[in-house]
Amino acid sequence: QVRLVESGGGLVQVGGSLRLSCVVSGSIFTIDRMRWYRQAPGKQRELVAAITRGGTTNYEDSVKGRFTISRNNAKNTVYLQMNSLKPEDTAVYYCNIDQSGPFGATMGPYWGQGTQVTVSS
């Protein structure tokens, strides 16, 4: 079983910053892509940022230049540094991973339980 635990969410004012963390534990082989998604009330879940094991990143257009995804492979942890936060960033943020299991088989995706981010104006 694979467990993902997010932390770091909270209430912040417009223009503020938060740093989300997601720690992966359990039956881990080789974690491939790590991602952050978010879901605002009444909206579909959307991909915010992703990072490969080698460190290649990509971002949703609205967060480019404000959010930074990073990972620590030794700690099985992915981070999301969020700066210049806007009210439209308010959502539940979810961590998501894939991993390569024995013989290279892709396993996942696995999801965390989510952490609430609220940006007040």
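Since this is a predicted model, take the numbers as computed values, not measurements.

## Describing the pattern of salt bridges
Charged atoms that come close allow side chains of opposite charge to pair. As enumerated under the stated definition, the model contains 6 salt bridges in all. As a salt-bridge pair, E60 and R38 come within 4.0 Å of each other at their nearest N and O atoms. Of this pair, E60 sits in the loop between β6 (57-59) and β7 (67-72) while R38 sits in strand β4 (residues 30-39), and the two are 22 residues apart along the sequence. Overall, E60 belongs to the partly exposed group, its relative accessible area being 24%. The class for R38 is buried, based on a relative accessible area of 5%. When salt bridges that share partners are traced, they join R38, E46, E60, R66 and D89 into one network.

## So, the pairing of strand β1 (residues 2-7)
Across the two faces of β1 the burial differs, with V2, L4 and E6 buried and R3, V5 and S7 not buried at all. Bridge count between β1 and strand β3 (residues 18-26): 6 bridges; the pairing is antiparallel. Among the inter-strand pairings, R3 is bridged to a residue of β3, identified as S25.

## As for the pairing of β3
Pairing of β3 with strand β8 (residues 77-82) involves 6 bridges; the strand directions are antiparallel. Across the sheet, residue L20 finds its bridge partner in β8, namely L80.

## So, the environment of S121
Checked against the element boundaries, S121 lands in the segment after β11 (115-120). The exposed category is assigned to S121, whose relative accessible area is 87%. For S121 and K64, which are 57 residues apart along the polypeptide, the C-alpha to C-alpha distance reads 21 Å. When sequence neighbours within four positions are dropped, the list of residues in contact with S121 reads V14 and P87.

## A look at the nonpolar core
One finds W36, L80, M82, Y93 and I97 to be the most contacted residues of the largest nonpolar core, which totals 28 residues. Contributing elements (two or more residues each) for this core: β1, β3, β4, β5 (46-51), β7, β8, β9 (91-100) and β11. Beyond its immediate sequence surroundings of up to four residues, M82 is in contact with G16, S17, L18, L20, R66, F67, Y93 and V117.

## Regarding the side chain of D89
Among the secondary structure elements, D89 is positioned in the loop between β8 and β9. The class of D89 is buried, set by a relative accessible area of 1%. A polar contact of 2.7 Å, which involves the side chain of D89, links it to the side chain of R66. Side-chain polar atoms of D89 contact the backbone nitrogen of K86, separated by 2.8 Å. Beyond its immediate chain neighbours, meaning those up to four positions away, D89 contacts R38, R66, F67, S84, V117 and V119.

## Focus on unusual backbone geometry
With an omega of 10°, the peptide bond between G108 and P109 qualifies as cis. Mapped onto the secondary structure, P109 falls in strand β10 (residues 106-111). Positive phi, close to 50°, is recorded for S84, a residue that is not glycine. You can call S84 partly exposed: its relative accessible area is 40%.

Conventions we followed
- Residues numbered from 1 in each chain as written.
- Predicted model: local features only at pLDDT ≥ 70, side-chain atom pairs only at ≥ 80, totals over all residues.
- Heavy atoms only, no water.
- Salt bridge = Lys/Arg side-chain N within 4 Å of Asp/Glu carboxyl O.
- Helix = DSSP H or I, 4+ residues; strand = E, 2+ residues; numbered from the N terminus.
- Buried < 20%, exposed > 50% of the residue type's maximum accessible area, 1.4 Å probe, protein only.
- Pairing = 2+ DSSP bridges.
- Contact = heavy atoms within 4.5 Å.
- Core = buried A, V, L, I, M, F, W, Y, C linked by side-chain atoms within 4.5 Å.
- Polar contact = N/O pair within 3.5 Å; in protein donor to acceptor, adjacent residues only side chain to side chain.

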